[in-house]
Every structure is written in structure tokens, then in C-alpha cells.
Amino acid sequence: MWKRLGILVIKYRLPLLILLFAVTCTMAYFAAKVKLSYEFARAIPTDNPKYKEYKDFREKFGDDGNVLVVGVKTDGIFQLNNFKAYQNLQQQIKKISDVEDVLSMPSSVNLQKDSLTEKLNAVKIFPDSIHTQSELDSAKKSFFNLPFYKSILYNPQTNAYLMGVRINRDSLNSPKRTKIVEEITLAVKSFENDTKIATHLSGLPLIRTVVADRLQKEMKVFLFGSLLLSALILLLFFRSFSTMLLSLFVVILGVIWSLGVLQLCGYKISLLTALTPPLVVVIGIPNCIYFINKYHTSFLSSGDKNQSLVDMVSKMGIVTLFCNISAAIGFAVFALTKSAILQEFGVVAGISIMLIFIISFILLPAVLSYLPAPKPAQVKYLNNKLLTGFLLKIEGWVVNHQKPVYAITGLLLIFSIVGIFKLNTVTFIVDDLPKTDKIYTDLKFFEKNFKGVMPLEIVVDTKKRNGLSGMRALNVFEKADSLSQYITAQKEMSRPLSIAEGLKFAKQAFYEGDSANYLLPNSFDGAFVGEYLRPNKKDSGKKNNFTKMLSSFMDSSRQTTRISVSMADIGTKQLPIVLNGIKERANQLFDSSQYTVQLTGTSITFLEGSSFIISGLKESIFWAFLLISLCMLYLFKSARILICSLIPNLVPLVITAGVMGWAGVPLKPSTVLVFSVALGIAIDITIRFLVNYKQELPVHHNNIPLTVAATIKNTGLSIVYTSLVLIAGFIIFCFSSFGGTIALGWLTSVTLLVATITNLVLLPVLLLNTRK
């Protein structure tokens, strides 16, 4: 069958090349339409209860992850020139398009009691234009007399000050977000240059934007880097520019087709799907090496170019097909998970890997048939003395040192199993960033001075419409305040904002601004304070910052209220403990028959999403192992060969897991990803070795020792070359500035290196010792 296919490809080479070119043009048309995804990674399925709760919260109260924060730490902020610069910074940021509001010290308001109208009027503490230091000092005194802003806008112990910038949610999910963040950053830098006061920026809008933009730039660099590195290795191996350019042309077509598939599937370029083009390069180059290596080997023995091309297709077609199937399975199993971001990556990567096989199968023999026969210099690498000597040593180990092979393997497994018990599963929102990165250090600044910026929302539902109206609502707010006091006592969380804090502010204003009355209204003064909070009929359409704040903490039906908390990035290991403590305290305060208390927000969805991805990836390893095993069983139709093939591929995975444990690399989405990917790619080496072994067996009259020795000599060279390309292709990810990408690079490289050794040494030993 494969021989007939080889003859057909060469016979109809011109129509096939025209068809390939036409399809490539179509794919290029669709690839040009691919757009970047600006949405936060959708790790949780839409039917997940936590996702539904978060979606319901956003419908009632709006987005919780759209605040960017600016921080400064200085004891000279109230020097007139510095304060004017800080005030100007607030005004400049507010003018930026899609910035909805800026909460800061210069824009803070005080509530003043108007006895005539019996209303509380919001009055700016700091005038827009301050001319003298004494005027500023007076306003400063008024500001520090308001406990409402303490630990929210300033930390008196550390002289740190915070400015919160709320950005339009739709703009954050669009290409505009990069420009918005850049304009804010420029304004902050200008303030820093004018005042010489160090500034810090953080918040989810900044982290998401900067990290996503940086990753996308890196993926482009890695794509071109992997192409360049592959070109150098191909040129070094084959000593032919035409062969190098042909191989590069194959993978470039593969990249175009992969982007076309992305668009045809209706997906956008996300942090994971951006990995597909470099992976296509890494997996496509070995296809070229195996095909061309077989072509050169056949030509060296026969001297007939056309016959060598037919031999290349007939011998390597089925091998490369099953190698690509196994690699595709390693990625496609992600589509079986319930995580949208993993599903998209699995579908696109799986299809792209199978398409690179089709491109290789048609393009290589068709183009090689038009090129001149290989020159002696182009096949010189087949007699590389260094590699030939290395393969002869391997053959010696396989034949004469089988017990040491088992002993070394056993010791490595024991060492690795001990390391596995040291593995830790933990994820942080910014754990992929270097500890010296400004995003990371700025986040730590806010955690030290304001206990963090990661949003957590607590929703209290009274289970009845208008349950938060009138004097009966005071009981709810008292319970909410008790819960807030518990949260404030936690070292990882800042003082929460809720309607209870607003009512305290209102009571202080009612009692002529006396800070000693920053307390919740009681049954005695609640009615009086409540009357002052009722909006004027004349001003019913107007809202000052204070009434805006109150309305944003209660839904329109007055049934549900929220408690907003900013917290540190404490990781998925500690976060559940902290959340359970809040739940227990909430259950003590709120009777479940009268109230429903839910914890939601970005911190919750991050925790749920990380757990979902890790469990999905673990599950995908099982499915990859099962499906690849079925492919191997179908290909070789032997349980003995199946067992012999799986052991050399399980050993590298165990060793990699052990290395992670000893090196202190935690299990997280970016590291768990390694195992399915590496299994799918490493099994290629096994398939190529065993298919060649199967083809050599009749030639050596079923003499297994002779067949094993011949297979090491014939296949070992291309396996070593291919492994070098694969390892080089992944090691380039180690130059990333992100820990997750670095881990993907070096862990996959370690796995592939160990897999190469086990397939060249352990696999032949197993074949010899299990022979009938």
C-alpha cells in the first residue's frame, strides 16, 4: 500500500504540488484573519457552579478585576509641589480614554451635614487648586480625621499612598487595553521623573496586559528562533542548502496551516494556542529528518534516485504517520478536558500535527524528485565516525552489560520516586514571573503596604426583595461588619469595603465629623442617619461619589449586598484554608435559613481554574497513555512489544517528575503540561525504532540479536539527530522571562533526552530478554 502511494506521489507530483499550494493560499487567507484573545483565560467550564456564581455577581455588581492601582511611599507627599504633582497625576489619568473613575487622596470627599435640608453633602477635601502650604495642611488634617480612607487610600505606618484606577471592562477585553495601560504608565513615569518619588503599579488589568503582551512577543521570537536553530542543525547534518530550505518550507507551510485551522475553528490566539506554531516547527523538522535520512540511506545502497524516493515513502510513511498520530494524541487529549483554553489548544495542536504529516508526505518526495540526486558530501553524515562510535558503544552495552542497564535504571527510578514524594502542588497568579521582575516586586509592595490587590467578593443574599431596606437592614450590616472585622484581622487581607463602612462614614458626618463616632448606626440614631441618606427628590438623577459607592454595593432589588476585599497572592495551597476560615465565620454570623453567603470574585475563579486545569491535565496523561497504547497494539499486534515499548517511555516521565520534586518545581498548569506533550513526542522514537526492527527482522531470518544490532545502527543515527533537533527546539523556551515557559522548555528537554537514552539502550535490552 505505502509503496503504491509512493509511486502515486511521484507520478502525480505536479498536480499534488499545485493542490498543496492552493490549499496553503486558502489557509494563509484564513490565517491572516486570526485575532489575539484579550479575555482572561477561560479555565472553568460555563456550567461550573463557581463560574455561574461569578457570572451572576458580575451581572449584579459589575466587574471586580478592572482596577489598576498606583502606589507611592514617601513622607513628603504633603509638600506643596509633590501634592500638586500627585493631584495632576490623578487628573491626567482620569482624562485617559476608557478610564471610568480614579479613587485617590486628591479626589477624596468628606460628608457634611446640612441641617436645613437634612441631607449629607459630599464635599471635596482637597480643592482643585491649592496655593499655599497652610491650605494643604488644613485639608490634610481633615483627610486624616476620616477613618473611612485609612488602609484603603493610605497606610499611616509606612507612609504609603494608593490610587485606584477603574477601567472600562469591554476595553480591557479588546486591543485597546495595551494603549490604556501604556498611557497610565507614561503618566505615572512622568510623575516619578518630576518628583523623584518611586512609583509602583499593579492590579489585574496591568498584570494581564503586560504578561499577555510579553508572552505574545516571546512566542514570535521563539518561532523565528526555533526556525533558525532548526536551519542550523539541518545544515550541519545534511550539508545542503536545498535540503535545509526544503525542510524549512515544510514547517513554514505547517505554521500557516496551523493558524488557518485556528481561525476555521473559530478560536483566537491565547496564551496556549500561541505555542502551536513553535511546536509545529519542533515536530515537523523530525519528519523531514526521517524522510530525508531514509532517502539518503536508500540512495547510498541503490544509486537509483526514483527507487530511493519510493523506498523513502514506503518504509517511512507508516512510521511517520503513527509517530504523528502519537504526538497528536499527546496534545489532542486536552480536548477531552472541560477547560475551554485546554480544549482549544488540544484541538488546534492535534489537527496541526496531523496536517504537518500530510504536508511532509506530499511535499518532500515531490520536490526531491525535481532536485538533482544527492551528492557525496550530502550523504557524508551517514558515516559520521563520532556518532557511529557512539552507536557501537550503545550496541556493546545492550549486548554485554544488560544487568548494569537494569541496575542503573532501578537506581534512577528509586531516586525519582523519592523526589516525587517531595512534589508540591501550588499555583500563584504571578508565580511564572522572576522574583526581580518589576510586576512581581510592585505586587509585593502593595502586599506589604496594603495587604494585596487580588479581588475577593463576599455576596450576602437576604432571600427576599427589599431585605436591605429600613431599620431591619441594620442587623444585616452589623453581621457584615463583624465578618469584616474578622477579615481585617487576617494578615493576608485588607480592610473590606461594604455598605457598613459607608454607614459608619455617614454617622461620623451626622455627629459633626467626630472620628470617635465612626461606628455603625444603632437603633437609636439609625433613623436619623437614614433620613440624611435619603436622596433629594430634586437631585434624584444625580449621584456623587459617595452615593455611587453605596449603590455599587447593593443590587437594584435591595436583596443582595457585597463585601469587597483585596488580598495577597497567597497561592492555591494557602487560599482554601483562608477561604474556609471566612466561610466558617460567615456561617456563625448568618443563619442559613435567612441568608445565603457566597464567596466569589477573581481569586475564587483563579483557584477553581487552576485546580480544574491541573486535574484535567492529569486526566489527559491517562487518556494519552491509553490511546497511544492502543495505537502501539494495533501497529505491532503483540502484547510483548507493547510492554517493551511502554516501559522506556514511562521511565523518562517518572524521572522528570522526580527531578521536579528534587528541584522544588511545583505541579502547576505549565509543568503538568509537560508530561502529555513529552509522552506524545517521546513515543515517536520508540515507534521508529520498533518499526525498523520489524522491517529488519525478516532480513536477518528472525534472529533477534542481529536484528537489534542492525536496528541500532540503521535507526540510531536518525534518532540521535532528531532528538537533538527536538531538544534544541524546546530548550529555546528556557530563554523566556516566564517561569512556566522555562519549565516547559527544560523539563520537556530532560524528558526527551532520557527518552532517547532509554529507547536506544533499555528498549533493545528488553527486546533481547523477552524474546521467545
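Residues numbered from 1 in each chain as written. Predicted model: local features only at pLDDT ≥ 70, side-chain atom pairs only at ≥ 80, totals over all residues. Heavy atoms only, no water.

## Observations concerning the overall build of the protein chain
Line of reasoning, step 1. Of regular secondary structure, the protein chain possesses 25 helices and 10 strands.
Line of reasoning, step 2. Dimensions of the protein chain, computed from the C-alpha atoms along their principal axes, are close to 110 × 45 × 45 Å.
Line of reasoning, step 3. Going through the 772 residues of the protein chain one by one, you find that 57% of them count as buried.
Line of reasoning, step 4. Across the protein chain, the centroid of the 79 positively charged side chains sits 10 Å from that of the 51 negatively charged ones. (Helix = DSSP H or I, 4+ residues; strand = E, 2+ residues; numbered from the N terminus. Buried < 20%, exposed > 50% of the residue type's maximum accessible area, 1.4 Å probe, protein only. Lys, Arg positive; Asp, Glu negative; His and termini not counted. Charge placed at Lys NZ, Arg CZ, Asp CG, Glu CD.)

## Points about a nonpolar patch on the surface
Line of reasoning, step 1. A cluster of nonpolar side chains, contributed by Leu336, Phe622, Trp623, Leu626, Leu627 and Leu630, occupies part of the molecular surface with about 530 Å² of accessible area.
Line of reasoning, step 2. Mapping Phe622 onto the fold places it in helix α21 (residues 602–636). (Patch = residues over 30% accessible without salt bridge, like charges linked within 9 Å, V, L, I, M, F, W, Y side chains within 5 Å. Areas by Shrake-Rupley, 256 points an atom, 1.4 Å probe, with all protein chains shown as cover. Salt bridge = Lys/Arg side-chain N within 4 Å of Asp/Glu carboxyl O.)

## Some thoughts on the environment of Tyr54
Line of reasoning, step 1. By secondary structure assignment, the location of Tyr54 is in helix α3 (residues 49–61).
Line of reasoning, step 2. Residues Tyr54 and Leu633, 579 residues apart in the sequence, show an inter-C-alpha distance of 46 Å.
Line of reasoning, step 3. Here Tyr54 is in contact with Asp63, Asp64, Thr600, Gly601, Thr602 and Thr605, once residues within four sequence places are set aside. (Contact = heavy atoms within 4.5 Å.)

## Overview of the pattern of salt bridges
Line of reasoning, step 1. In this structure the tally under the stated criterion is 15 salt bridges.
Line of reasoning, step 2. A salt bridge links Asp101 to Arg166, with the nearest nitrogen and oxygen atoms 3.9 Å apart. Residue Asp101 is located in strand β2 (residues 99–103), and its partner Arg166 is located in strand β6 (residues 160–167); the two are separated by 65 residues in the primary sequence.
Line of reasoning, step 3. Relative accessible area serves as the criterion here: at 17%, Asp101 is assigned to the buried category.
Line of reasoning, step 4. A relative accessible area of 36% places Arg166 in the partly exposed class.

## Focus on the side chain of Ser247
Line of reasoning, step 1. Relative to the helices and strands, Ser247 is located in helix α9 (residues 241–264).
Line of reasoning, step 2. Within the local environment of Ser247, its side chain forms a polar contact with the backbone oxygen of Thr243, the two atoms lying 3.0 Å apart.
Line of reasoning, step 3. With residues up to four places along the chain from it excluded, the contact list for Ser247 reads Leu234, Ile285, Cys288 and Ile292. (Polar contact = N/O pair within 3.5 Å; in protein donor to acceptor, adjacent residues only side chain to side chain.)

## Overview of the state of the cysteines
Line of reasoning, step 1. Inspection of the entire model under this criterion finds 0 disulfides.
Line of reasoning, step 2. The thiol sulfur of Cys644 is not disulfide-bonded, and the nearest other cysteine sulfur, from Cys323, lies at 18 Å.
Line of reasoning, step 3. Judged by relative accessible area, which is 3%, Cys644 ranks as buried. (Disulfide = S-S within 2.5 Å.)

## Regarding the side chain of Ser629
Line of reasoning, step 1. On the secondary structure map, Ser629 appears in helix α21.
Line of reasoning, step 2. Owing to a relative accessible area of 11%, Ser629 belongs among the buried residues under this scheme.

## Observations concerning the packing of helix α20 (residues 571–589) against α21
Line of reasoning, step 1. Where α20 contacts α21, the axes come no closer than 11 Å and their chain directions differ by 130°. When the axis of α20 is compared with that of α21, the two are oblique. The interaxial crossing formed by α20 with α21 has left-handed handedness. Touching Thr572, Leu575, Pro576 and Leu579 of α20 are Ser603, Ile604, Phe606, Leu607 and Ser610, all from α21.
Line of reasoning, step 2. Each residue belonging to the contact of α20 with α21 can be placed in one class, and the counts come to 6 nonpolar, 3 polar and no charged. (Axes fitted to C-alpha atoms, helices over the stretch in contact; angles between N-to-C directions. Parallel < 35°, antiparallel > 145°, perpendicular 65-115°, else oblique. Left-handed = near helix turned anticlockwise from the far one by under 90°. Nonpolar A, V, L, I, M, F, W, Y, C, P; charged D, E, K, R; others polar.)

## Overview of the sheet that holds strand β8 (residues 454–461)
Line of reasoning, step 1. One open sheet holds the 3 strands; their spatial order is β9-β8-β10, and the pairing between them is antiparallel. A strand with exactly one partner marks an edge of an open sheet, and here the two such strands are β9 (560–567) and β10 (596–600). The average angle at which neighbouring strand axes cross in this sheet is 20°, direction not considered.
Line of reasoning, step 2. As defined by bridge partners, β8 adjoins β9 across 8 bridges and the pair is classed as antiparallel. (Pairing = 2+ DSSP bridges.)

## Some thoughts on unusual backbone geometry
Line of reasoning, step 1. Not every positive phi belongs to a glycine, and Asn466 is a case in point at roughly 60°.
Line of reasoning, step 2. Mapped onto the elements of the fold, Asn466 is located in the loop between β8 and α16 (473–488).
Line of reasoning, step 3. The phi angle at Lys637 is positive, at roughly 50°, despite the residue not being glycine.
Line of reasoning, step 4. Within the fold, Lys637 resides in the loop between α21 and α22 (639–663).

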